[in-house]
Each structure stands twice: as C-alpha cells, then as structure tokens.
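Observations on the three-dimensional arrangement
Listed below, chain by chain, are the residues.
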Amino acid sequence: MAEADRLSNLPTEVIHYIMFFLPLLDVIQVSVLSRRFNSVWRTFPVIEFDQDLFVTGRKLPINHSKASEMLMRFSDYTEDFLRRRGPDSFLQKFKLRTLRIPDLDRYIEFALGSRVQELEIYSKIIFELPEGISDVFAAKSIRVLKLTGLDLGLQNLILSDSSLIEELSLNECDLLETVRVLSDKLLSLELECCRKLQNIEIDAPNLQYFRYDGGNLFSKININLRSFESLKSLSLWNAGGHITDNWIEEKIPKFISLEKLSIEKCENLKTVMICHKRLKIFEFHNYKNKAEEEVEVELELITPNLLSFLYRGILLSHTIVTSTLFEARLFLTQISATSLWFLALRHFLISFDHCRVLTLEFEKVVGFPKELKDRWIAPMFTLKHLRVEVNSKLLSYRNLVALMLQLSPRLNTLSIIQNLNSQDPIERVIKFKYVKGVADQDDSSCCKRLPIKCWRHHLTSITMENFEDVNDKERLITFFKDNTKISKKQDEKSIISLF
C-alpha cells in the first residue's frame, strides 16, 4: 500500500512520462489502480485507438460477418473514452486506426478542440471526409498530419505559408488533382498511392524530406520542385514518365544538400547520370515494362562521398561508381548458369571491386560454367569483404563458396546468410589468412596467365564460424584441402579451424 501511495504522490508530468512508454490498454489498466492515477490518465496527452488491438490483440481476422459487431464495440469504447477525458486537456498526439470510421467529424473536432499537435488517421476502407473537415490542413495547433485511406473531397490542396504543419503524409487518399505547397514550415512530405493526383508543386525552402510513390507504374504525374536548398532525402517511386534522364541529370545537382536518393520503377529512365558531392546513399530499383520484362538501364555515379549503394534488378550493361567509401548491396532478380550471363555478371561486378563491403542477394545459386574455367578473369581481386544472402532452403555451401571465390579470389572474410521464413537467419563466416608473395611455385593453370595469383597460392589458414550444423561441411573442408597449393607442407588442423 505504501508503494502505491508513493507512486500516487509522483508529479503528474512524471506519471505521464511513464504512461508514454506503455500501450494504451496498459495505460487504462494502470488508471484503475487509484483515484490519483485515474485523474492523471484523463489528462494523458497521447491517445491511440487501434481497432485491431482492441478486438484481438493481433491483426484483425478477415470475417465480414463479425465486422459490423466489432466496429460497434470499438465505436462505443472510443466514445466512452472521450467522454471521460478531462475538459480542455492538452493533446500531444491523437491516432485512430480502424476498418472504417463512423462519425469521423466527432474525432477530428475533439482532437482540434484539444489543440492536438500530431494527428494520424488510418482507415482500411476509403472513407469520405465530412464536409468542412478539410480545416485540419489549416489548424493552428497541428505540426504532424498523417492521413491514410480517406477521400479528401478536394480538387486542389494548397498548403499555404499560414499553415504550421511540419510533417505531412497522405497515403492511399482519393484527392485532388494538384498538391501545391507554399510553406516555409514544412520539413517532410509524403504522397503515396494518391489516386487522381496529377500535379505536385513544391515551393518549401526548408523541406528536408520528400517521398512520392504513384503506386502505379504507368501513372502520369508532373513534379515541380521550385525550392530545394534544404532537401536532404528524395524518393521517387512509380513516378511515371515525368522523371526522365534529363530531369535526373539537371535537377539532382541543384539539390545541394541532398544526402539520400531513392529511385524505383521510373519507366522513362534509360541512362542515369548523377554528379553530386554530398550524396551519401543511393538506391535504385529497376522496373518492368508492360510486357513484364525488366528494362536495361545504365548507371553512372560521380559521387565521391557515397557511403551506401543499393540496387535491385537485372544485370546492368554499364555501371560506374566513383567512390571508395561505400558499401554496396545488390539483389539480382535474374540468375542463369549460361556463359553469357556470367560474362555479363563479371562486367557488372567490376565496378564494385573497390567498395568496402559488398552484399549479394540471390533467390538461388547456380554452378560456374566449366567452359569458362580456362579463360575466366575474376572481376573483384581487390574486394576484401563479401556477404552473400540466399533466399533458398536448398543450399550447397561448397558450391556457393567455390562460386564466390571465382568472383572475388582474395577475400579476407566471406559471410553467408541463409534466409528461411521459419527461423531467424544464421550468419556463417569464413576468414582467410594469406602469406605475402607466392608461397609455392607450381604448374597449376588456374592463374598461369594472370599477374595476380588467387587464394589457392597464398592461403595459410581459414577459420569457419557457425558451420557445425551445415550438411555439406565435410565437402566444404575437402574443397579447401584439395585446392590449397601450400597445404602439403602444413598440418591440416593448422589450416582449417572450426568454431
């Protein structure tokens, strides 16, 4: 009892701070511990209504026969909750997530009346905003506004300089034809899957983050960025035909503060050339045309301070990245065992020989063509750290390691991650140690015509971590023993260590 009294005597701000880190249902349970807690709960500045969690504590099951009953219970609960709130209490955040929203004007009027700063509304079914509720865009208290699944009933949305909104997100909203931003307060803008939207005009000198996703590869959108001095992050997904090679080449260098650029499924891009001194993160996802065929794109990045490069798609015919600081991640959507494909892979990977760490992600692993063995030149002799992620249950580690050493024959570490849906992925690591110079002169033809010898000639020892439960572990060990040129002079245990 003394402990309960001690908690009850805490200042209101301290109890609010504790409640802030608890789920809503836990906050309600805490509120019944004492009159003091109940009183403090009525002025708690964060309200989050989530129908999914209210009904089951997990994602709502798809059962249309019970949907109406669940919605009624949820509506009664929220109405009772709001009635119990203290009068004129300040509201920092109001979040409503439901299947659909009856009496939406009631919730919005309550939030605006409580001088809400963050308003977030999510509806799984497109719901029309009540007439006049568009005033939320001009509310003097709102700093963060996130709307999902709403028909805004507006032809044009104009965010004027009188608006105090700093973060605006519209997702799957039926709205308008034009979004015009004329505000120096706005810092972040997200427009995702907004049907009917045709024009975006932005004159926001302090905007730092802009993300557009048309949700439809062949949508038509006109994007006009007039002020861009402060823009740090730009994402253009499914942006239709407006984003062209010329648009990228002319506009991107003008975004002088840009640090992250993400491009996905922009159908008119064929040769992407970017010259930018401050760009640190670049992401590019290839697209499919109307025939469901991925289109070849050329990439040339003059970005000396690039730290991260991500690409998803087919092999690129031309790639240049002028940075030695970056880590690269490549997800190849088409894999083939043909000699032609491997020669194209070699041409593609040459641009990543100098990166700090390279991650390759495959849906499957194929064998190296025998006909290329005598004329193959590895594309990445300089690369020291290679990570491989394979999304397949059937995996031969022996074949995978052999293939990776064909691509990069002087690795310091090779990490292999097998992604299985049934369990957390396990990272298995092979560490290589070499001697300087060629340790053994032999008549092997593997590097006969090459000025730089591969791992076979220099390897002194390897360390294998987390390989205990690998089915073909012995085949992998045998592979290293059979292919190490200096193994005859050393004890096997000094060459291969298992941990």
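Residues numbered from 1 in each chain as written. Predicted model: local features only at pLDDT ≥ 70, side-chain atom pairs only at ≥ 80, totals over all residues. Heavy atoms only, no water.

Attention shifts here to the overall build of the chain. A tally of regular secondary structure across the chain gives 13 helices and 25 strands. The burial tally for the chain puts 48% of its 499 residues in the buried class. By sequence separation, contacts in the chain at least 24 residues apart represent 56% of the contacts at least 6 residues apart. Carbon and sulfur atoms make up 49% of the accessible area of the chain, which amounts to about 25300 Å² in all. (Helix = DSSP H or I, 4+ residues; strand = E, 2+ residues; numbered from the N terminus. Buried < 20%, exposed > 50% of the residue type's maximum accessible area, 1.4 Å probe, protein only. Contact = heavy atoms within 4.5 Å. Areas by Shrake-Rupley, 256 points an atom, 1.4 Å probe, with all protein chains shown as cover.)

This part takes up empty space enclosed by the protein. Once rolled over the atoms, a probe with the size of a water molecule shows which space is left empty. Taken as a whole, this structure holds 3 cavities of 30 Å³ or more when the rule is applied. Taken as a whole, the largest cavity spans an internal volume of roughly 60 Å³. Ile335, Trp341, Phe342, Leu345, Phe362, Lys364, Val365, Val366, Leu403 and Leu407 are the residues that line the largest cavity. Among the elements of the structure, helix H9 (339-349) and helix H10 (397-407) are those that each provide at least two residues to the lining of the largest cavity. No other element matches the 3 residues that H9 contributes to the lining of the largest cavity. (1 Å grid on protein atoms, 1.4 Å probe; cavity = no way out; pocket = protein on both sides within 12 Å on 5 of 7 lines; lining within 4 Å. Points joined across faces, edges and corners; volume = space filled by probe spheres on them.)

Moving on to the packing of aromatic side chains. Under the definition given, this model contains 21 aromatic pairs. Taking 6.3 Å as the distance between ring centres and 10° as the angle between the ring planes, the aromatic pair formed by phenylalanine 284 and tyrosine 311 counts as stacked. Taken as a pair, phenylalanine 284 in strand S15 (residues 281-285) and tyrosine 311 in strand S17 (residues 308-313) lie far apart in primary sequence, 27 residues in all. Considered together, phenylalanine 284 and tyrosine 311 belong to a single accessibility category, that of buried residues. Members of the aromatic cluster, joined through ring pairs, are Phe282, Phe284, Phe309, Tyr311, Phe326, Phe348 and Phe352. Between arginine 97 and the ring centre of tyrosine 122, over which it is positioned, the NZ or CZ distance is 4.0 Å. Residue placement shows arginine 211 over the ring face of tryptophan 237; its charged tip is 4.7 Å from the ring centre. (Phe/Tyr/Trp six-rings, centres within 6.5 Å; stacked < 30°, edge-to-face > 60°. Lys NZ or Arg CZ within 6 Å of the ring centre and 35° of its normal.)

One open sheet holds the 3 strands; their spatial order is S14-S16-S18, and the pairing between them is parallel. Two strands close off the open sheet at either side, each with one partner strand: strand S14 (271-275) and strand S18 (319-321). Ignoring which end each strand starts from, the neighbouring axes of this sheet average 10° apart. By the bridge criterion, 5 bridges tie S14 to strand S16 (residues 298-302) in an arrangement that is parallel. What sits directly across from threonine 271, in S16, is glutamate 298. (Pairing = 2+ DSSP bridges. Axes fitted to C-alpha atoms, helices over the stretch in contact; angles between N-to-C directions.)

Turning our attention to the packing of H10 against helix H12 (residues 473-483). With their axes 8 Å apart at the nearest point, H10 and H12 run at an angle of 35° to one another. Contacts from Tyr397, Arg398, Asn399, Val401, Ala402 and Leu405 in H10 reach Arg475, Leu476, Phe479 and Phe480 in H12. Tallied by class, the residues present in the contact of H10 with H12 amount to 7 nonpolar, 1 polar and 2 charged. (Nonpolar A, V, L, I, M, F, W, Y, C, P; charged D, E, K, R; others polar.)

A word on the side chain of threonine 78. The topology assignment puts threonine 78 in helix H6 (residues 64-83). One polar contact links threonine 78 to tyrosine 107, side chain to side chain, over a distance of 2.6 Å. Ignoring sequence-local partners within four residues, the contact set of threonine 78 consists of Phe49 and Tyr107. (Polar contact = N/O pair within 3.5 Å; in protein donor to acceptor, adjacent residues only side chain to side chain.)

As a further point, take the pattern of salt bridges. Applying the stated criterion to the full structure yields 16 salt bridges. Residues lysine 265 and glutamate 264 are paired through a salt bridge, measuring 3.8 Å at the closest nitrogen-oxygen approach. Among the residues examined, glutamate 264 registers a relative accessible area of 11% and is labelled buried. For the salt bridge of glutamate 361 with arginine 329, the shortest nitrogen-to-oxygen distance reads 3.2 Å. One end of the pair, glutamate 361, is in strand S20 (residues 357-362); the other, arginine 329, is in strand S19 (residues 327-332), and 32 residues separate them in sequence. (Salt bridge = Lys/Arg side-chain N within 4 Å of Asp/Glu carboxyl O.)

Pairing between the strands of a sheet is mediated by backbone hydrogen bonds and can be parallel or antiparallel. Strand order across the open sheet formed by 4 strands is S5-S7-S9-S11, with parallel pairing between neighbours. A single partner strand is all that each edge strand has here, and the edge strands are strand S5 (156-159) and strand S11 (222-225). Taking the axes of each pair of neighbouring strands and ignoring which way they run, one obtains an average angle of 5° across the sheet. Where strand S9 (residues 199-202) and S11 come together, 4 bridges link them in parallel fashion. What sits directly across from asparagine 199, in S11, is asparagine 222.

The next subject is the pairing of S19. Sheet topology places S17 next to S19; 6 bridges connect them, and they run parallel. Bridge pairing in S19 links arginine 312 to phenylalanine 331. As paired elements, S19 and S20 share 5 bridges and run parallel to each other. Residue pairing in the sheet places arginine 329 in a bridge with threonine 359 of S20. In this fold, the crossover linking S19 to S20 by way of H9 has right-handed handedness. (Right-handed = clockwise from strand over helix to strand, strands pointing away.)

We now examine a nonpolar patch on the surface. A contiguous nonpolar surface patch, about 210 Å² in accessible area, is contributed by Val14, Ile18 and Leu22. Here isoleucine 18 is to be found in helix H2 (residues 12-20). (Patch = residues over 30% accessible without salt bridge, like charges linked within 9 Å, V, L, I, M, F, W, Y side chains within 5 Å.)

Moving on, we come to the confidence of the model for the chain. Per-chain confidence: the chain averages 81 in pLDDT, with 80% of residues scoring 70 or above. Predicted confidence for residues 57-62 stays below pLDDT 50, and this span has 10 contacts to residues more than four positions away or in other chains. Low pLDDT (under 50) marks residues 487-493, which in the prediction has 6 contacts with non-local residues, meaning those over four places away or in another chain. (pLDDT = per-residue confidence, 0-100.)

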